[in-house]
Every structure is written in structure tokens, then in C-alpha cells.
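# Close look at the chain arrangement
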Amino acid sequence: MNLRVLKDIDVKNKTVILRTDYNVPVVDSKISSTFRIEASVKTIKYLINNNAKIIILSHRGRPKGERRQEYSLGIIKDELSRLLNEEIHFFNDINESDIKKKISKLPFPSVILFENIRFYPGEKKGNSELAEKIRELGDVYINDGFSVCHRKHMSVYTLPKLFENKCAGYLLQNEVENLYKLTCEPESPYVFIVGGSKVSTKLDVLKNTIKYADTILIGGGLAFTFLKSFGFEIGKSLFESDMVKECDNIFKEAKEKDVNIILPIDVIAAKSIDDSESRIVSRGEMEKDDIGLDIGPMTAEIFKGAIMGAKTIVWNGPMGMFEKEQFAKGTIQIAKFIKEATEKNAFSVVGGGDSVAALNQLGQIDSVSFVSTGGGAMLEMLSGIELPGINVLKEES
Ligand code: ADP
Ligand code: MG
């Protein structure tokens, strides 16, 4: 695999630029899942123990290159400080003229957190000017933000190209080692469970998954565009009209490759998302003002059959609007089936911000073989695509 890891490079007394992923879910100004922050602690502690000065770069949300306070990393600073039991120095702007001086004045070891790197338009564009500015601040580059490794962004791709001394942190190393197991001849039957809100965000994943899965179970909001493409009434459920053709293509391709795609046969429907009165409706009987917000019990039984027979299970995307108790049952059941299959020796992997939050909410983070911090990155990696953010760590600069 020839990925350089922490033990391969010297970080003692060095200033380290560390890319992490603090894109955590926030509800009512509170972090609802600290999983990603906790996952970064091991590498940071190792660096502190090596007397390093650590400059952390991360993003949160989609501020689109603008300074938008609702996406500030200030909320991360407090939680990280609590988890590390260390003071965190928060830097508001990379472009401050005396930033280098300010950093050099801090003692070894110190932990510095920069404001959301996506506040700068250059981040997503992979801008080299911005990268060069940050390059000046450190001696070593470490990437521990697995979930952004599929992007050629400045802090993931352009910046590490400028470093000779660079490697993967513990989190990234762990992700690569675990997911690698799935790419070299995973044990069959391989069941892929996909949910979440939109077909458009899962389209590539679905196309890629057809190459290696035996069965694909589709729940969540995206199931409704598929159902509509077969002519079912879906009322006011989530629907993407421009994805209907793509849904057809996916089915055709799956048929050619002998992959079994299973859609919900019943759903939990309500007249509004705040409705406390929901009903079980078979997929042929939805009314024009129904919104489908979870998979139904018969669907869960069918999904159970596939999951319990699997040797390899990958899950991305909740089965319904699990944030609301009345629409969380499908997601809870799927988590339970995966737990049981894992106890019967299936290798199970769960990834995706909301999926992991759901698992956390259920207190079931330990019931799967591996919890990935990556959504898109995990799925791209599983489909055999080489991720630019990982490849760049292997290169000599
Ligand atoms: P992940 O972050 O795990 O990749 P997604 O971001 O794709 O998952 O999707 C999670 C979101 O999908 C959740 O906020 C959930 O409420 C929503 N969702 C799931 N099913 C439905 C549905 N039937 N209708 C509306 N929203 C849904
Ligand atoms: Mg999500």
C-alpha cells in the first residue's frame, strides 16, 4: 500500500500542518455528533507528546468561499479543547500580515486551530497561492481528514504537494487499512444499503457499487425517485425529476451485471413532516398529499433477509427522516440487523455523517466492524478509485 504513516516521519519539535475533518452535524447551535472530533484526538495527542506545534486546518459546511459565521469553527474549538484538555489558539484569518510571527511566538507544544478553510474561495479551487502561504508556516504536513480525500482541494491536494515530509495520521491510516480489506475480494454475498435524501448525491456511488455488490437495498428519500420512475404515485415525497432517467439506467445496468436492487414495498407516510399521525402505506397506495418519510415494516423484513445472509455489508444513508422519532424506526431496525449479522461474522462498514450520527444516537457505534468517517470518500475508495488526497501522500515532492 506504501502509504507513509506517522512512524515513518520525524515530527519531534516540528511545526505540523494537520488537515482534519470537523464537518460535524450541528442542531440548534449544538454539535449533535462529536464522533469526527473524537476521531482526530489520537493523532493530535501523539503530536503533542512529540512536542510539536500543531496548526489544524479543517472545514465545516458549505460556506461557498465566504466568511459565514454560522459555519465558524469556533464551536469546534471548545469541544476539541475539552477532549484534549489543552488550550486551543484560534486564528481567525490566514491573511493576517503578522500570522507567521504570531505562530512562532507560541511555545512547543501548542495547538492552533484556523478558522474554516472553506471561507477562502481558493480552498475548493485548489489555489496554489493560498497553499504557498500556508506552506511557509510549517515543516511537516499530515492528513487525517479521510472524508475530504476524494477532493482536489487546496488543503488536501495542492498543499501537500509542496511538502517533502508528509504522511497519513492515525485516522486516515485506519480508514485505508480497513477499507482496503473490502476492495481486495470482499466475501460474498456483498450487500450495499443506501439511503439518505437525494439520488443526485448518491448517483456515482450507486453506479460504482453495481460493479461489486450482489444486492443493493434502497431506502430513504432517494427511493421515491426510483419508485416514481416505475410509475408509482409518491405524493409529495422527495423527488428529483432530472434523475428519473438515471434511475432507469441504474436498473438496466444492475440487470446486466446480475445485481439485485430492492426498493421499498411499503413506506411510513404522513401529511406533513410534523404530523404525529403516520400510516403504513403499501407503495402502490400512496395518496397525492402523502409524504413518504421512512421504510415500512414489510420492507424492513425483506431488507433483514438480505442483511442476515450477507458476509460483507456496507451502509450509507439513513432509511428515513430519522431525526424525528416517528420516522426513525426503519433506520433503527437496519442498525439492529447489521449488528446481528456482524455477530454472525459478517464484516460491516458504516459511513456518512448522518448515518454515523444515527448509529451514535442509538448507542450502536460499537456494533459494526468499522465506522468510517467518510461518506463520499469511503464509497469512492470502495469502488476502487484512487483518492487524490491519499495518492499525494505517496508522492515524492
Ligand atoms: P449521510 O450523511 O449518512 O451520507 P445523507 O446526507 O445522504 O446521509 O442523508 C441524510 C438525510 O436524509 C437525513 O437528514 C434524513 O432526514 C434525510 N432523509 C432520509 N430519508 C428521507 C425521506 N424519506 N424524506 C426526507 N428526508 C429523508
Ligand atoms: Mg449527510
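Predicted model only: the values in this text are computed from it and were never measured.

Calculation notes
Residues numbered from 1 in each chain as written. Chains lettered and ligands numbered in written order. Predicted model: local features only at pLDDT ≥ 70, side-chain atom pairs only at ≥ 80, totals over all residues. Heavy atoms only, no water. Near = heavy atom within 4 Å. Polar contact = N/O pair within 3.5 Å; in protein donor to acceptor, adjacent residues only side chain to side chain. Areas by Shrake-Rupley, 256 points an atom, 1.4 Å probe, with all protein chains shown as cover. Helix = DSSP H or I, 4+ residues; strand = E, 2+ residues; numbered from the N terminus. Nonpolar A, V, L, I, M, F, W, Y, C, P; charged D, E, K, R; others polar. Buried < 20%, exposed > 50% of the residue type's maximum accessible area, 1.4 Å probe, protein only. Arc of directions from axis to C-beta. Contact = heavy atoms within 4.5 Å. Domains from an automatic or database assignment. Buried area = accessible area lost by both parts, 1.4 Å probe. Core = buried A, V, L, I, M, F, W, Y, C linked by side-chain atoms within 4.5 Å. Pairing = 2+ DSSP bridges. Axes fitted to C-alpha atoms, helices over the stretch in contact; angles between N-to-C directions. Salt bridge = Lys/Arg side-chain N within 4 Å of Asp/Glu carboxyl O.

Taken together, 19 residues lie near ligand 1, and Lys-202, Gly-292, Glu-323, Asp-354 and Ser-355 sit nearest. Here a nitrogen atom of ligand 1 and a backbone polar atom of Gly-221 are 3.1 Å apart. The fraction of the free accessible surface of ligand 1 (590 Å²) that becomes covered by protein chains is 84%. For the shell around ligand 1, the elements supplying multiple residues, two or more each, are β14 (291-295) and α13 (353-361). Looking at the shell around ligand 1 residue by residue, the class counts come to 5 nonpolar, 11 polar and 3 charged.

So, on to helix α2 (residues 74-84). All of the buried residues along α2 are Ile-76, Glu-79, Leu-80 and Leu-84. All buried residues of α2 lie within an arc of 125 degrees about the axis, which places them on one face of the element. Turned more than 90 degrees from where α2 packs its buried face, Asp-78 and Arg-82 sit exposed. Elements that come into contact with the buried residues of α2 comprise β3 (30-31), α1 (35-49), β4 (53-57), β5 (88-91) and β6 (110-114). Of the residues flanking the end of α2, it is Asn-85, one or two places downstream, whose phi is positive at about 55 degrees.

This part takes up the domain arrangement of the protein chain. When the parts of a complex come together, some accessible area is lost, and that lost area is often taken as the interface size. Per the domain assignment, the segments making up the protein chain are domain 1 (6-173) and domain 2 (185-382). Relative placement of domain 1 and domain 2: their C-alpha centres are 33 Å apart. Taken together, the contact between domain 1 and domain 2 spans 10 residues of the former and 13 residues of the latter. Approximately 920 Å² of surface area, both sides summed, lies buried where domain 1 meets domain 2, with 69% of it carried by carbon and sulfur atoms. Of all residues in domain 1, the largest losses of buried area upon contact with domain 2 belong to Phe-35, Phe-146 and His-150, amounting jointly to 61% of the total for that side.

The biggest cluster of nonpolar side chains holds 72 residues, and the ones touching the most others in it are Phe-114, Phe-146, Ile-216 and Ile-218. Here this core gathers at least three residues from each of two domains, domain 1 (6-173) and domain 2 (185-382). In contact with Phe-146, not counting residues within four places along its chain, are Leu-171, Leu-172, Glu-175, Leu-179, Ser-372, Thr-373, Gly-374, Ala-377, Met-378, Met-381, Leu-387 and Ile-390.

This paragraph deals with the sheet that holds β4. Strand order in the open sheet made by the 6 strands is β5-β6-β4-β1-β7-β8, with parallel pairing throughout. Lying at the two open borders of the sheet, with one neighbouring strand each, are β5 and β8 (166-168). Going across the sheet, the axis of each strand differs from the next one's by a mean of 25 degrees, ignoring polarity. Taken together, the 4 bridges between β4 and β6 define a ladder with parallel strand orientation. If you follow Ile-56 over to β6, its bridge partner there is Leu-113.

A word on the sheet that holds β14. Pairing is antiparallel across the open sheet formed by 3 strands, whose spatial order is β13-β12-β14. The outermost strands of the open sheet, each flanked by one partner alone, are β13 (279-282) and β14. Adjacent strand axes in the sheet meet at a mean angle of 45 degrees, parallel and antiparallel pairs treated alike. The sheet contact formed by strand β12 (residues 266-270) and β13 spans 4 bridges and is antiparallel. Along β13, the bridge assignment pairs Val-267 with Val-281.

The next thing to look at is the pattern of salt bridges. Under the counting rule described, the total for this entry stands at 20 salt bridges. Across the pair Asp-8 and Lys-7 runs a salt bridge whose closest N-O atoms are separated by 3.7 Å. Residue class for Asp-8 comes out partly exposed when judged on its relative accessible area of 41%. For Lys-7, a relative accessible area of 70% corresponds to the exposed category. A salt bridge links Arg-68 to Glu-70, with the shortest nitrogen-to-oxygen separation between them at 2.9 Å. Residue classification places Arg-68 among the partly exposed residues on the basis of a relative accessible area of 29%. In this structure, a network of salt bridges that share partners links the residues Lys-271, Arg-279, Glu-287, Asp-289 and Asp-290.

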